[in-house]
Structure formats: C-alpha cells, structure tokens
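Inside the fold
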Amino acid sequence: MSAPLLSVVVPAYNAAATIGDCIAALRRQTVDGPVELIVVDDGSTDDTAALARAAGATVLSAPHGHAAAARNVGLSAATGPLICFTDADCAPHPDWLSQISRPFADPDVIGCKGTYATRQRQLVARFVQLEYEDKYDRLRPQATIDFIDTYSCAYRRAVLLANGGFDERIQYVEDQELSFRLAAQGCRLVFQESAVVEHRHSATLRAYLRKKSNIGYWKMQIIRRYPGRAVRDSHTPQVMKVQMTLAALLLAALGAGLAAALAGPALGWAAAWLLATAGAVALVFLVTTLPFVAKAWGKDRAVAVAAPALLFGRAVALGWGTLRGLLFPQPGLSETPEERVQA
C-alpha cells in the first residue's frame, strides 16, 4: 500500500531571511511517498515568494492579513488527506514528516502536535526553549491533548474542512482555538514529541514580553468561547496562573506601599505593612519558580539563575495581556465559525 500524499502548508510574511532554509529542510524529508509543499505568501513586501518558488515550493498569494487566513488558503488548495503545518522561521528535522504523520495510522487520531528545538545561544532564546520543554513534560504522559500549535502539527484535511478551518477573526493563537474547538467535539489529538522543527525563538527580552502580552490578550478572547480552558488545558502549567496572580499582588502591594511612604509619616505604618506584604509575596513567587529552576539547572545553569526574573516578566506580560483582553474584548468572538454560519 503506497503512503498517502502529504501536504505541507507554510504561511509566510516577509520571511525572505528564513523561507529558503525552511523549504530546503522540507525537501530533505525522508518520508516515503509524494509530498506537496505549499507556501502561502501573506502579502509580503520582500522576496519571500520568489525565494520560496526557487526553493521548489508551490507559492500561493494572499492579501496581507493574519496567519489564520493564510493557512486557510493553503488548506483549500492542498490535496493530501493529511495537512501538515509549520512556520516560515522553522526548519524541520529530516524525519519530521514521517514522525508527524505516524500517529495517523490510528484512524481515531484527528490531529498531532510536534515540538520545537533551537540552536540559538542568546539567553532569552535558551530560556524560551526550556520553557517549551517544561510544557512538553506536561504533555508527554497524556494519551489525548486539547492544545496544538501550528509550528509543528498535522491534521486530517477532511476534518479541518468540515469544521471551517482556522477562525480568521482571531489574529493570534488561532491554532489554540482550532484545537480547543476540535477537542470539544471529542476529536482525538495527540502529542508526538519526535516530530521536531528547529525554530528561532524570541532572542530579546522586549520581543519575548511583547509576544507573551499578545498571547494573554488573544487567549482571553478564546477563553470567552471555551471558559473551561481558563481552569485547565493540556499544555499550560497551572503554576503559570498562580504566578500571574502573585505578580499582580506583588506589583499592587509594592505600588501602594511606595505611594503610602511618599504620602508622609502619617501613613508610615501602612507603607511598612504593604512593603512587607510585597516582600512576602515575592518570596512565595520565588518558591513557585523552584521546580523550573531545578529542571533548568541540569540543562543550562545560566538560564536557571535567570529563570526567576524571566518567569516574573512572563507573569507580568501575560497578566497585562489578559487584563487588556478582559477590558477590551473583540466583538463577536463568543461564537465558533460553525455557530456563526448557522446564525
């Protein structure tokens, strides 16, 4: 029996610096059978399309929008029964396609999530990699998951089409919404740790915190649709929610304490109490970071030392994004694509 045709969809926007490596890595795949490579040029203003075409991919053009729309363009054009997704700044390992498609030998499997690796040496990028590995530790023992990122994943094409593909109203973490939607229908999604892509993580603190803030904002929009995911999903460590709460309390107590101190001696007792509270909360926050620090210590001691500060920054950025998401909701996102059509 011949292997099914695999389609790979790569959305790309101004990705001239990375798209060549991405397509070259995809063309080196060791999987048996034909592979269809589709790059969706999302309105790039650089040479992304020309470079992707020269590297051997089929290139489709779309007006610049967001990744959800670009992926849907690729999904509509793809012909394989399995649609594999990765990103333009990823370089899949040679066995990526064989590994990401392997779980579909089980006819009950609808979607599959792979993993990141990186060769970057910047401290923040190394921290990001260990952050992902911490989440992979959480996913590993789960027979079924509800959280798939499109940097390394595959789905049955028929199921994606039947469910309207990605929700194009969601501008960030639209892959999370799709996997939550399918999991809510009882679709079986699985984790395939051996399906690895090399990635260029955020290398600066500013880029990392901005990304986390955006995730917090858009995750809040998705949680409005799937409120149960605020309590738990298969990917997010519960300690992150604790740390977000502690970071907010710490900043509130510290700010109030400093304000009381500046108000003069009359509020000296209040300032002392508030600052002591801030110190106690900071200590509790530090304790919550110790399991991550212990894991990191055996892999990268510099990251382990920096981890408490970086985890605090993560908690603040996610918390700020979540607060913005609460205060400034996106209209109409409480409905899934299917519900919107039915209405």
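What you are looking at is a predicted structure, and each value in this text was computed from that prediction instead of being measured.

What counts as what
- Residues numbered from 1 in each chain as written.
- Predicted model: local features only at pLDDT ≥ 70, side-chain atom pairs only at ≥ 80, totals over all residues.
- Heavy atoms only, no water.
- Helix = DSSP H or I, 4+ residues; strand = E, 2+ residues; numbered from the N terminus.
- Buried < 20%, exposed > 50% of the residue type's maximum accessible area, 1.4 Å probe, protein only.
- Contact = heavy atoms within 4.5 Å.
- Core = buried A, V, L, I, M, F, W, Y, C linked by side-chain atoms within 4.5 Å.
- Expected span 1.5 Å × (residues − 1).
- Salt bridge = Lys/Arg side-chain N within 4 Å of Asp/Glu carboxyl O.

Before going further, it helps to examine the environment of Val35. Residue placement: Val35 occurs in strand β2 (residues 35-42). With a relative accessible area of 32%, Val35 lands in the partly exposed category. Linking Val35 and Cys84, residues 49 residues apart in sequence, is a C-alpha distance of 10 Å. The residues contacting Val35, other than those within four sequence positions of it, are Leu5, Leu6, Val8 and Leu97.

Moving on: the nonpolar core. The biggest cluster of nonpolar side chains holds 81 residues, and the ones touching the most others in it are Ile19, Val39, Trp96 and Tyr155. When near neighbours in sequence (up to four residues on either side) are disregarded, Trp96 contacts Val8, Leu26, Gln29, Cys84, Phe85, Thr86, Ser152, Cys153, Ala195, Val196 and Val197. Core analysis: the second largest hydrophobic core is formed by 12 residues, Phe147, Ile215, Tyr226 and Leu333 among them.

This part takes up helix α9 (residues 238-263). Taking 1.5 Å of rise per residue, 26 residues should cover 38 Å, and α9 covers 38 Å from first to last C-alpha, within 8% of that figure. Among all positions in α9, only Met240, Gln243, Leu246, Ala247, Leu250, Ala253, Gly257 and Ala260 are buried.

With that settled, consider the pattern of salt bridges. The final tally for this structure, using the stated rule, is 20 salt bridges. The closest approach of N and O atoms between Arg200 and Asp21, which form a salt bridge, is 3.9 Å. Of this pair, Arg200 sits in the loop between β8 (188-199) and α8 (205-225) while Asp21 is found in helix α1 (residues 19-27), placing the two residues 179 residues apart along the sequence. Residue classification places Asp21 among the partly exposed residues on the basis of a relative accessible area of 47%. With a closest N to O distance of 3.6 Å, Arg119 and Glu198 form a salt bridge. Of the two residues, Arg119 is situated in the loop between β6 (109-117) and α5 (123-139) and Glu198 in strand β8; the sequence distance between them amounts to 79 residues. Residue Glu198 is classed as buried on the basis of its relative accessible area of 16%. One salt-bridge network, in which partners are shared between bridges, spans Asp134, Asp137, Arg140, Glu193 and Lys295.

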